[in-house]
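# A closer look at the structure
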2 protein chains.
Amino acid sequence: MYYPKELEALINYYAKLPGIGEKSAERLAIATMEFNEEEINEFSETLKNAKKNLGRCAICGHLTSDEICPICSEETRNHNLICVVEDFRNVFAFEKSGKFKGTYHVLNGLISPIDDIGPDDINLSTLINRIDKLENPEIILALKPTIEGEATTMYIKKILEGKNVTISRLAYGIPIGAEIDYLDNITIEKALEDRKKISE
Amino acid sequence: MYYPKELEALINYYAKLPGIGEKSAERLAIATMEFNEEEINEFSETLKNAKKNLGRCAICGHLTSDEICPICSEETRNHNLICVVEDFRNVFAFEKSGKFKGTYHVLNGLISPIDDIGPDDINLSTLINRIDKLENPEIILALKPTIEGEATTMYIKKILEGKNVTISRLAYGIPIGAEIDYLDNITIEKALEDRKKISE
């Protein structure tokens, strides 16, 4: 082989990561070699610590190193408002926007009969428990507009029927900054359907 | 912050790598969390080993974990033919093609007055020593066609004057598979200058 074995081993690790092909893995491995020894040791410890300490919040299922995540622990948030998301990456996206002051519930998946993922395979029973303990909660279903997302949205809507809970979903429409020419047909259709009156 | 601190630390390490922005670093860090514990420990050791064991070949300057790299140690290669390259990444590129059976010399840089890099700052004296010990060697200057590459090529050509050495450089021209419409002017000019007669 053309790579020294130590470098090849490192390239192979980088190549396991999503979106990293052989060429990128080579580039990353070589760049890593330019870290100084202290940085390398820290990087190495960081990897182990992250794996060892990170788990899921007992309330909402978000990624955390605590029993209860900082969001569920924050008293000033509206704990009666729960934004239901597919995975914890979505929580980061909402938190970055800084506009949501409720809490989350991370399903850790979507219902997908094709992939043999049913309602019991996602983090749903804890959501029902949470809702049952709240008075007049609102849940926002923030699931992606795909078959799986819609199926999960519909399923949750159905099992919550008869409970004292307000259910909404995210608005569909034109993303800010988009060129209308490049939008797909379904987005245009949804944006028309959900059009908002702005005259008096 | 929206990230758990262990994840944030890992994101920060990935973000130090070239071409990895915040979004990619987040994606890589999260994917790393999906490695199992054994893989994480191995990744961690791999990082340390690569840093600790990799150095430069005493003959050619290529990246290696040995005193003399496997290429310089390979007896069946033509040790009278030396391909001079800017850095060890280029050696990998040549070795992948599998078409070169000589040896290499890694300059680890190019002469660049603007960046205050002179002939003494690159791995040149060892090249002269190597050449002086060979009989009728050929060196191929495989440096990139930029100002720095040309300056280094010219400098090496000059210091080797009067020595019994054949000097060549890589051919310039149209890369295989390229659309001629998209070629830059200088490549077209070089390809015309170096045109090859194919009639009898």
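Every value quoted in this text rests on a predicted model; they were computed, and no experiment measured them.

Across its full length, chain A carries 8 helices and 6 strands. For chain A, the C-alpha radius of gyration of 22 Å lies well beyond 16 Å, the compact-globule estimate for 200 residues. Expressed as lengths along the three principal axes of its C-alpha atoms, the size of chain A is roughly 70 × 45 × 40 Å. The proportion of buried residues among the 200 residues of chain A is 40%. Considering only intrachain contacts with a sequence separation of at least 6, the fraction spanning at least 24 residues in chain A is 47%. When the accessible area of chain A is evaluated, it comes to approximately 11700 Å², of which 51% is carbon and sulfur surface. Side-chain charges of chain A comprise 24 positive and 34 negative groups, with the mean position of each set lying 3 Å from the other.

A water-sized probe, rolled over the atoms, reveals where empty space remains. Considered as a void within the structure, the largest pocket measures approximately 350 Å³ in volume. Lining the largest pocket we find 15 residues, and of these Leu143, Lys144, Pro145, Leu170 and Tyr172 of chain B sit closest to its centre. Looking at the lining of the largest pocket element by element, the count peaks at 3 residues for helix H7 (residues 147-159) of chain B. Class assignment for the residues of the lining of the largest pocket results in 7 nonpolar, 4 polar and 4 charged. The volume enclosed by the second largest pocket comes to roughly 280 Å³. Lining the second largest pocket we find Glu86, Asp87, Asn90, Ala142, Leu143, Lys144, Pro145, Leu170, Ala171 and Tyr172 of chain A.

Before going further, it helps to examine the interface of chain B and chain A. How big an interface is tends to be expressed through the accessible area that disappears when the partners come together. Each partner contributes residues to the interface: chain B has 52 residues there, and chain A has 52 residues. Around 4800 Å² of area is buried between chain B and chain A when both sides are counted, 71% of it from carbon and sulfur atoms. One can count 8 salt bridges joining chain B with chain A. For the salt bridge of Lys16 of chain B with Glu39 of chain A, the shortest nitrogen-to-oxygen distance reads 3.0 Å. Joining chain B to chain A, the criterion identifies 19 residue pairs in polar contact (both at pLDDT 80 or more). Those elements giving two or more residues to the side of chain B that touches chain A turn out to be helix H1 (5-15), helix H2 (22-33), helix H3 (37-53), strand S2 (63-64) and helix H5 (88-97) of chain B. Of the residues forming the side of chain B that touches chain A, the biggest block, 15 residues, is contributed by H3 of chain B. Of the residues assigned to the side of chain B that touches chain A, the class counts are 24 nonpolar, 11 polar and 17 charged.

Let us look at the packing of aromatic side chains. In total, this model carries 22 aromatic pairs over all chains according to the counting rule given. Look at Phe43 of chain A and Tyr14 of chain B: their rings are 5.7 Å apart centre to centre, the planes differ by 85°, and that puts the pair in the edge-to-face class. Pair noted here: Phe43 of chain A is in helix H3 (residues 37-53) and Tyr14 of chain B is in helix H1, and the two residues belong to different chains. Tyr14 of chain B matches Phe43 of chain A in its accessibility class, with the two residues each being buried.

On domain assignment, one finds that chain A holds domain 1 (5-53) and domain 2 (56-199). Here the C-alpha centre of domain 2 of chain A lies 34 Å away from the C-alpha centre of domain 1 of chain A.

All names here are of chain A. The predicted model of chain A averages 90 in pLDDT, with 98% of residues at 70 or higher. Confidence, read as mean pLDDT per element, is least for helix H8 (residues 185-193) in chain A (83) and greatest for strand S4 (residues 102-106) (96). Confidence estimates for the predicted assembly give a pTM of 0.75 and an ipTM of 0.76.

Time to look at the pattern of salt bridges. If you walk through the whole model with that rule in mind, you get 22 salt bridges over all chains. Its salt-bridge partner being Arg89 of chain A, residue Asp87 of chain A comes within 3.3 Å of it at the nearest N-O pair. Accessibility expressed as a relative area gives 30% for Arg89 of chain A, which makes it partly exposed. Two residues, Arg89 of chain A and Glu34 of chain B, come together in a salt bridge whose shortest N-O distance is 3.9 Å. Pair noted here: Arg89 of chain A is in helix H5 (residues 88-97) and Glu34 of chain B is in the loop between H2 and H3, and the two residues belong to different chains. Look at the salt bridges and you will find they share partners, linking Glu22 and Glu26 of chain A together with Lys96 of chain B into a network.

Conventions and cut-offs
- Residues numbered from 1 in each chain as written.
- Chains lettered and ligands numbered in written order.
- Predicted model: local features only at pLDDT ≥ 70, side-chain atom pairs only at ≥ 80, totals over all residues.
- Heavy atoms only, no water.
- Helix = DSSP H or I, 4+ residues; strand = E, 2+ residues; numbered from the N terminus.
- Rg over C-alpha atoms; globule rule 2.2 N^0.38 Å.
- Buried < 20%, exposed > 50% of the residue type's maximum accessible area, 1.4 Å probe, protein only.
- Contact = heavy atoms within 4.5 Å.
- Areas by Shrake-Rupley, 256 points an atom, 1.4 Å probe, with all protein chains shown as cover.
- Lys, Arg positive; Asp, Glu negative; His and termini not counted.
- Charge placed at Lys NZ, Arg CZ, Asp CG, Glu CD.
- 1 Å grid on protein atoms, 1.4 Å probe; cavity = no way out; pocket = protein on both sides within 12 Å on 5 of 7 lines; lining within 4 Å.
- Points joined across faces, edges and corners; volume = space filled by probe spheres on them.
- Nonpolar A, V, L, I, M, F, W, Y, C, P; charged D, E, K, R; others polar.
- Buried area = accessible area lost by both parts, 1.4 Å probe.
- Salt bridge = Lys/Arg side-chain N within 4 Å of Asp/Glu carboxyl O.
- Polar contact = N/O pair within 3.5 Å; in protein donor to acceptor, adjacent residues only side chain to side chain.
- Phe/Tyr/Trp six-rings, centres within 6.5 Å; stacked < 30°, edge-to-face > 60°.
- Domains from an automatic or database assignment.
- pLDDT = per-residue confidence, 0-100.

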